[in-house]
Protein chains: 2
Amino acid sequence: MSKLISSIKEAVELCGIKDGMTVSFHHHMRNGDKVLNMVMEVIAEKGIKDITVNASSIFDCHEPLIGYMKDGVVTGIECGYMGAKVGRAVSRGMLKNPAVFRTHGGRASDMIKRTSHVDVAFVAAPSADCMGNCTGKYGKSACGSMGYAFADAQTADKVVVITDNLRPYPLPGFSIPEVYVDYVVEVDEIGDPKGIVSGTTQITRDPVGLRIAQYAAEVIEASGLLKDGFSFQTGAGGATLAAAKYVKEKMLAGGIKGSFGMGGITGYMVDMLNEGCFESLIDVQCFDLKAIESINNDPRHMEVSAEQYAGVSGRSAAVDSLDVVLLGATQVDTDFNVNVHTDSNGYIMGGSGGHSDTAAGAKLAIILAPLVRARLPLITDRCHCISTPGSTVDVVVTQRGIAVNTSIEKNRQLEEALKAKGLPVVDIKELKAIGEKITGVPKPINQGDKVIAKVLYRDGTLLDEIHQVAGE
Amino acid sequence: MSKLISSIKEAVELCGIKDGMTVSFHHHMRNGDKVLNMVMEVIAEKGIKDITVNASSIFDCHEPLIGYMKDGVVTGIECGYMGAKVGRAVSRGMLKNPAVFRTHGGRASDMIKRTSHVDVAFVAAPSADCMGNCTGKYGKSACGSMGYAFADAQTADKVVVITDNLRPYPLPGFSIPEVYVDYVVEVDEIGDPKGIVSGTTQITRDPVGLRIAQYAAEVIEASGLLKDGFSFQTGAGGATLAAAKYVKEKMLAGGIKGSFGMGGITGYMVDMLNEGCFESLIDVQCFDLKAIESINNDPRHMEVSAEQYAGVSGRSAAVDSLDVVLLGATQVDTDFNVNVHTDSNGYIMGGSGGHSDTAAGAKLAIILAPLVRARLPLITDRCHCISTPGSTVDVVVTQRGIAVNTSIEKNRQLEEALKAKGLPVVDIKELKAIGEKITGVPKPINQGDKVIAKVLYRDGTLLDEIHQVAGE
């Protein structure tokens, strides 16, 4: 018995993909992913229309989607993040139905709660056997964790594993078990290694970024959370990595033994594990080669599903045990709402990912961002799109000052502690004024009436809508 | 946030356990299990009645169930295996409702298909954290794999983890993730180490057993399956272990590289892995200390859920890829049906466990049993209870002859090969006659009208019924 079939075409046929269906993908191949494009090419060739693509994230490498949107092959996109290329096309109204944004946790939980239905899930697997046991931990296209693909595999009507490293049964260290898999297809290459991972993640050298990072580390220290058992999530951005460096220095200097680091994992977090800052890593996605090597070799470095990382459908998720998360922003408003979906012109160029999941779960959610970017101020009266509600954001750190969200009771003590440390605590409205003094008040975005995207919160409720960008 | 509560009593209260509910347990603590008894004692003390106990297996250590059956606290038992002590009480009609036997795969699959509902699952966890991530791989009560507990955790309305080794969050190498767990209770001891595992598993020295084992190894060789990629399951019984020894010798002598060993795993299978006979082990339950050490340290030794091991609810299970399984029997009939549920007097003293799952999945299912036991013949016209249908049994090996089930087309070639090798191939009816010549024809079991147990096949359909033993 074997589930191995000859081609993606055969998979599309055997799964009975037809007009109006939803197909899903995960983004561990990141900007090197070839699977989404290969599958959609077959679907388009077969003349199938009105497909909804549910991908955990859409990257610029998925640009062919724009053509499929024009042709009516793709009429819906659901995702946690959408890169600028496809985002711009959606923002211009080229997608028939409004795109649906979910958080990484919410995407998995909506599938598990059956409020999001996938007809056929395609799993890009760096190693797999003929029965569909698969893992991302090794193989020429190794991506490490496959956390975002678990819910797709668990819940889709049909599941197709696509691999470029077919191994003998049973696959050692499988992540997704054969019980979920209908078909296995072998291809030459599921991804371009250059796009899957960056070689190393770099800490910023920009003095503004370093200043922000230093302030963020001071905020963490002042919060009282930086003690034995400390848990921490940070992304792969230069400033947040720099903040991690300062946190690490404080931990090593103070002999602080943290519990876990989490998130998309970088080599920097692996170093912190190996230097004794953490007991373990919780990993839903690997950002670089060092992280991939670590998850494949170190049992303390644990792969988790998106539901276990950040969902709301389980009895708990790891974000519920998180002390501190460092997050970015394209905009913050005076109610501490954060926008990571659209750029300054209103075009989609991102998405929540785990942003609002971790902000909601962490005891302390810190936004790090420069006060001015591309001659536009960070802080505004109302975010163009609310990605993460202000009620879950504790502190905004800029190079010109730190604003604490004291509408959350527990943060008043933190604000006092920051002031006592001599840090530049500034009211968010004042911070807005400082920014606008530099840049002037930006002119409003010229947006149309048409809703081109809906932003769902992690519990599946509507958080915001994004309108078409007009007049270009 | 923590799910840690003070006691099993608090768990029973918080879960709202009340008359008529079903509670579930798993049997990795084997005859050393203390969790089932601790929980049922609390339920009984609270005056709750009419409880159905769904345990993957019932051992003699669960004798207190007999008292609860008398008192009406327990009115139903569902399991994959039932030891002689509780089995005798059930056979005497002491349980109000018929007991329900499932296979290990069928039990998990019925839960996942929602044809078997559990209100509250209790998971005996040798290590756990305060959010319910848990594993059996280490801790003072280490049991290795917790494969039978996965379906309970995935599907029960409420899940309580009971541990005697509470560790910091997040638990490294967790098997069951926090997403499924409602409450965590710390107790002094979840099991008696002496009962959880045997120190080592012993190969039989009995000449009859060795003869049977030798024949079985010859049958495997004659089948043509003993070649590179060979996969194999055997139990912990003395004769099947001896057969494994002969198989191992043939593999080492022939330079045969098998793919996987499976099952309840013994140290003997671990040795075969380490000596290069297998690439990996698929483990739903560990039988001894060496197996536990191996699953904790060797990534080739993989824990699987009961569904992945042997279920029918997934798209495939590991048994579907199995070449050869060696199985025992208390009775075999002339249609090759096998009984492993009742003893020669009709009393329940066992159950299918994975017997009929592996027989159905394996390319070659071999029954090993002495032709005469306790002055009664192995082979009969009709098994007192059909545990495994003859249509899935290929060969019966006794010390006095080998019977091949040639009603299965593919076995005719095997029969010829055995004859060509000079092995004592005997028609099953002739084998019956040989046995009866030694023992005489046994007198029929004195059974009553009342059905005291239903035996479900792995797909959930009724396979047989067991009647009360009368007249004592």
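Refer to the structure presented above.
For clarity, every value in this text was computed on a predicted model and none was experimentally measured.

Caption draft 1: Looking closely at the overall build of chain A. Of regular secondary structure, chain A possesses 15 helices and 25 strands. Whereas a compact globule of 472 residues would reach a radius of gyration of roughly 23 Å, chain A reaches 22 Å, a difference of no more than 12%. The principal-axis extents of the C-alpha atoms in chain A amount to approximately 70 × 55 × 40 Å. For chain A, the computed accessible surface area is about 16400 Å², with 49% contributed by carbon and sulfur atoms. Side-chain charges of chain A comprise 47 positive and 56 negative groups, with the mean position of each set lying 3 Å from the other.

Caption draft 2: Here's a closer look at the sheet that holds strand 21 (residues 379-380) of chain A. All names here are of chain A. Across the sheet, 3 strands lie side by side as 17-16-21; this open sheet has mixed pairing. Edge positions in the sheet fall to strand 17 (338-339) and strand 21, since each has one partner strand and no second. Where strand 16 (residues 331-333) meets strand 17, 2 bridges bridge the pair, whose relative direction is antiparallel. Each residue of the ladder has a partner; that of glutamine 331, found in strand 17, is asparagine 339.

Caption draft 3: Quick look at the pairing of strand 23 (residues 401-404) of chain A. All names here are of chain A. Of the two faces of strand 23, the one holding Gly401 and Ala403 and the one holding Ile402 and Val404 are both buried throughout. Two strands pair when backbone bridges link them, and strand 22 (residues 395-398) and strand 23 are joined in this way by 4 bridges, in the antiparallel orientation. Its bridge partner lying in strand 23, valine 397 is registered against isoleucine 402. Taken together, strand 22 and the strand that follows it, strand 23, pair antiparallel across an intervening segment of 2 residues.

Caption draft 4: Broad picture of the nonpolar core. In this structure, Ile17(B), Met40(B), Val53(B), Ile77(B) and Phe122(B) are the most contacted members of the largest nonpolar core, which totals 162 residues. It is helix 8 (residues 207-222) of chain B that contributes the most residues to this core, 8 residues altogether. Core analysis: the second largest hydrophobic core is formed by 161 residues, Val53(A), Val187(A), Ala317(A) and Ile348(A) among them.

Caption draft 5: Region of the structure containing the side chain of Ser352(A). Topologically, Ser352(A) is positioned in the loop between strand 17 and helix 13 (355-361). Sequence-distant contacts of Ser352(A), that is, excluding residues within four places in its chain, are made with Gly80(A), Thr103(A), Val340(A), His341(A), Ser387(A) and Thr388(A).

Caption draft 6: How the structure looks around the interface of chain B and chain A. In this assembly, 38 residues from chain B lie in contact with 38 residues from chain A. Summed over both sides, the interface between chain B and chain A buries roughly 2700 Å², with carbon and sulfur atoms accounting for 54% of that surface. A per-residue breakdown of the area chain B buries against chain A is headed by Val179(B), Gln308(B) and Arg315(B), which together make up 27% of the total. Taken together, the connections running from chain B to chain A amount to 2 salt bridges.

Caption draft 7: View of the packing of aromatic side chains. Taken as a whole, this structure holds 8 aromatic pairs over all chains when the rule is applied. The residue whose ring lies beneath Arg88(A) is Tyr347(A), and the NZ or CZ to ring-centre distance is 3.8 Å.

Caption draft 8: View of the relation of the copies chain B and chain A. Laying chain B over chain A is done by rotating through 180° and shifting 0.0 Å along the axis; what remains is an RMSD of 0.0 Å. Here the copies are linked by what is in effect a two-fold axis. Taking C-alpha positions as the reference, the residue of chain B nearest the rotation axis is Pro299(B), at 4.7 Å. When the interface residues of chain B are mapped onto chain A, 100% of them are again interface residues, pointing to one common binding face.

Caption draft 9: Quick peek at helix 8 of chain B. Residues and elements named next belong to chain B. The end-to-end C-alpha distance of helix 8, which contains 16 residues, comes to 22 Å, matching closely the 22 Å that a straight helix rising 1.5 Å per residue would cover. Here helix 8 has its buried residues at Gly209, Ile212, Ala213, Tyr215, Ala216, Ala217, Val219, Ile220 and Ala222. At the exit of helix 8 stands glycine 224, carrying a positive phi of roughly 85°.

Caption draft 10: Structural view of the pattern of salt bridges. Residues and elements named next belong to chain A. Counting across every chain of the model gives 55 salt bridges over all chains. Across the pair lysine 113 and aspartate 110 runs a salt bridge whose closest N-O atoms are separated by 3.6 Å. Using a relative accessible area of 37% as the deciding quantity, one classes lysine 113 as partly exposed. Here aspartate 110 falls in the buried class, since its relative accessible area comes to 3%. When salt bridges with common partners are traced through the structure, they connect Glu78, Arg102, Asp110 and Lys113 into a single cluster.

Caption draft 11: Region of interest: the pairing of strand 4 (residues 74-79) of chain B. All names here are of chain B. Buried residues dominate strand 4, accounting for 6 of its 6 residues. Here 5 bridges tie strand 3 (residues 51-55) to strand 4, and the two strands are oriented parallel to one another. Bridging across to strand 4, alanine 55 finds its partner in cysteine 79. Considered for its hand, the β-α-β crossover made up of strand 3, helix 3 (residues 64-71) and strand 4 is right-handed. Alignment of strand 4 against strand 5 (residues 99-101), held across 2 bridges, turns out to be parallel. Residue pairing for strand 5: glutamate 78 is matched across the bridge by valine 100.

Caption draft 12: Fine view of the environment of Val35(A). Residue and element names in this part refer to chain A. Along the polypeptide, valine 35 turns up in helix 2 (residues 35-45). A residue is classified by how much of its surface remains accessible, and valine 35, at 1% relative accessible area, is buried. Along the primary structure valine 35 and isoleucine 8 are separated by 27 residues, whereas in three dimensions their C-alpha atoms are 9.6 Å apart.

Rules of the game
- Residues numbered from 1 in each chain as written.
- Chains lettered and ligands numbered in written order.
- Predicted model: local features only at pLDDT ≥ 70, side-chain atom pairs only at ≥ 80, totals over all residues.
- Heavy atoms only, no water.
- Helix = DSSP H or I, 4+ residues; strand = E, 2+ residues; numbered from the N terminus.
- Rg over C-alpha atoms; globule rule 2.2 N^0.38 Å.
- Areas by Shrake-Rupley, 256 points an atom, 1.4 Å probe, with all protein chains shown as cover.
- Lys, Arg positive; Asp, Glu negative; His and termini not counted.
- Charge placed at Lys NZ, Arg CZ, Asp CG, Glu CD.
- Pairing = 2+ DSSP bridges.
- Buried < 20%, exposed > 50% of the residue type's maximum accessible area, 1.4 Å probe, protein only.
- Core = buried A, V, L, I, M, F, W, Y, C linked by side-chain atoms within 4.5 Å.
- Contact = heavy atoms within 4.5 Å.
- Buried area = accessible area lost by both parts, 1.4 Å probe.
- Salt bridge = Lys/Arg side-chain N within 4 Å of Asp/Glu carboxyl O.
- Phe/Tyr/Trp six-rings, centres within 6.5 Å; stacked < 30°, edge-to-face > 60°.
- Lys NZ or Arg CZ within 6 Å of the ring centre and 35° of its normal.
- Least-squares fit on C-alpha atoms with pLDDT ≥ 70 in both.
- Expected span 1.5 Å × (residues − 1).
- Right-handed = clockwise from strand over helix to strand, strands pointing away.

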